[in-house]
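Observations on the three-dimensional arrangement
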Amino acid sequence: MQKILEFPEVLRLIEDRSAAFRAAIASAPDLDVQVPTCPDWTLRELAQHLGDGRRRQAAIVAAGPGAEPPARTDPKGAPTAPRDHEALDAWLAESTELMLDAMREAGPDRGCWTWWGRSQAPETSGAVARHQIQEIAVHTYDAQLIQGTAQPLPTDVAVEGVDEFLTTVSATTVPWPFKPATIDLHTTEGRSWRLTLNADGVRCDDLAADAEPGDMAMRGAASELVLYFYERVPLDGLETTGDTEPMEQLADWDPNA
């Protein structure tokens with residue numbers, strides 16, 4: 001079994017990526033410019049989204065186990081992001097700290113509402129924290145992209161991100177409606193996974209070193225894979241072998257539709 005980051009390290013990475021996002025926002029001369037990778041949003045709206053989302057996750061984690069998410073309320077009564085750069089930076093920092101405080105209080109194993117009940121990921125605050133790293137990291141890439149300073153996701157964030165996406169977003173017990181297939185994913189950092197797509201759903205497992213090749217294989221830096229998963233870079237930017245149709249089907253498929 002390949003190593004998953006410990007909870008304190010996950011929280012540290014959330015802090016790190018949140019600080020990087022704030023730095024990108026603080027250095028932007030114009031917060032009303034459109035975000036190329038989120039074309040419906042301006043940079044200010046992206047900041048609003050990130051801050052609001054962290055406040056909502058704080059409320060979800062603090063609420064504990066439940067069949068329904070908590071009402072959409074802001075725990076600090078500040079639903080609108082400030083327009084002033086300095087005040088916006090403070091609001092974003094507070095948003096992250098509210099979420100981290102809730103996670104520290106809950107610990108990694110406490111149950112809470114999630115949207116991924118049919119995946120392989122547990123419905124716990126620890127799993128929420130893992131997913132939050134990726135949301136913040138990808139939106140940091142979005143914010144940096146505007147000024148032409150987009151950086152690859154840090155290696156520890158990206159390798160964790162591949163595993164987190166495959167087990168939380170890709171995996172499901174909803175039956176696969178297309179031809180059964182296996183997809184192997186390899187990072188240049190050395191980790192590998194296999195997705196099995198069949199009538200039982202989509203399953204993610206560590207790829208054994210002596211496994212026969214799957215129907216398709218993808219290889220690239222972990223950052224490139226995560227950015228592909230979140231539709232920031234195209235599939236043709238990655239090294240692929242075999243039939244790419246299953247991956248394209250998986251990218252377009254909504255098992256909850």
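For the structure given in this document, a descriptive report is provided here. Since this is a predicted model, take the numbers as computed values, not measurements.

**Notes on the overall build of the protein**
- The secondary structure content of the protein amounts to seven helices and seven strands.
- For the protein, the α and β elements follow one another from N to C terminus as α-β-β-α-α-α-α-β-β-β-β-α-β-α.
- The C-alpha atoms of the protein give a radius of gyration of 19 Å, which matches the 18 Å a tight globule of 257 residues would have.
- Taking the principal axes of its C-alpha atoms as reference, the protein extends roughly 55 × 40 × 35 Å.
- The buried share of the protein, reckoned over its 257 residues, is 49%.
- Expressed as a percentage of contacts within the protein between residues at least 6 apart in sequence, the contacts between residues at least 24 apart total 67%.
- Within the structure as shown, the protein displays about 12100 Å² of accessible surface, and the carbon and sulfur contribution to it stands at 51%.
- Charge separation in the protein, taken as the distance between the mean sites of 21 positive and 43 negative side-chain charges, equals 5 Å.

**Here's the deal with the pattern of salt bridges**
- Applying the stated criterion to the full structure yields 17 salt bridges.
- One salt bridge in this structure joins Arg54 and Glu135, with 3.4 Å as the shortest N-O distance. With Arg54 in helix 2 (residues 43-63) and Glu135 in helix 4 (residues 125-146), this pair connects stretches of sequence that are 81 residues apart.
- The closest approach of N and O atoms between Arg191 and Asp163, which form a salt bridge, is 3.5 Å. Linking Arg191 in the loop between strand 3 (181-187) and strand 4 (192-198) with Asp163 in helix 5 (residues 155-170), this pair joins segments that are 28 residues apart in sequence. Take Arg191 and Asp163: they sit in the same class, and that class is buried.
- Each of Glu15, Glu97, Asp101 and Arg104 takes part in salt bridges that share partners, so that together they form one network.

**So, the sheet that holds strand 7 (residues 239-242)**
- Strand order in the open sheet formed by five strands is 5-4-3-6-7, and the pairing between neighbours is mixed. Each end of this open sheet is capped by a strand with a single partner; those strands are strand 5 (201-206) and strand 7. Strand after strand, the sheet turns through a mean of 15 degrees between neighbouring axes, direction not considered.
- Across four bridges, the pairing between strand 6 (residues 216-220) and strand 7 is antiparallel. Along strand 7, the bridge assignment pairs Met218 with Thr240.
- Packed onto the sheet, helix 6 (residues 222-229) meets strand 3 and strand 6 and runs at close to 120 degrees relative to strand 6.
- Docked against the sheet, helix 7 (residues 245-252) engages strand 3, strand 4, strand 5 and strand 6, running at close to 90 degrees with respect to strand 3.

Scoring rules and cut-offs
Residues numbered from 1 in each chain as written. Predicted model: local features only at pLDDT ≥ 70, side-chain atom pairs only at ≥ 80, totals over all residues. Heavy atoms only, no water. Helix = DSSP H or I, 4+ residues; strand = E, 2+ residues; numbered from the N terminus. Rg over C-alpha atoms; globule rule 2.2 N^0.38 Å. Buried < 20%, exposed > 50% of the residue type's maximum accessible area, 1.4 Å probe, protein only. Contact = heavy atoms within 4.5 Å. Areas by Shrake-Rupley, 256 points an atom, 1.4 Å probe, with all protein chains shown as cover. Lys, Arg positive; Asp, Glu negative; His and termini not counted. Charge placed at Lys NZ, Arg CZ, Asp CG, Glu CD. Salt bridge = Lys/Arg side-chain N within 4 Å of Asp/Glu carboxyl O. Pairing = 2+ DSSP bridges. Axes fitted to C-alpha atoms, helices over the stretch in contact; angles between N-to-C directions.

On their own, these measurements won't tell you what the molecule is for.
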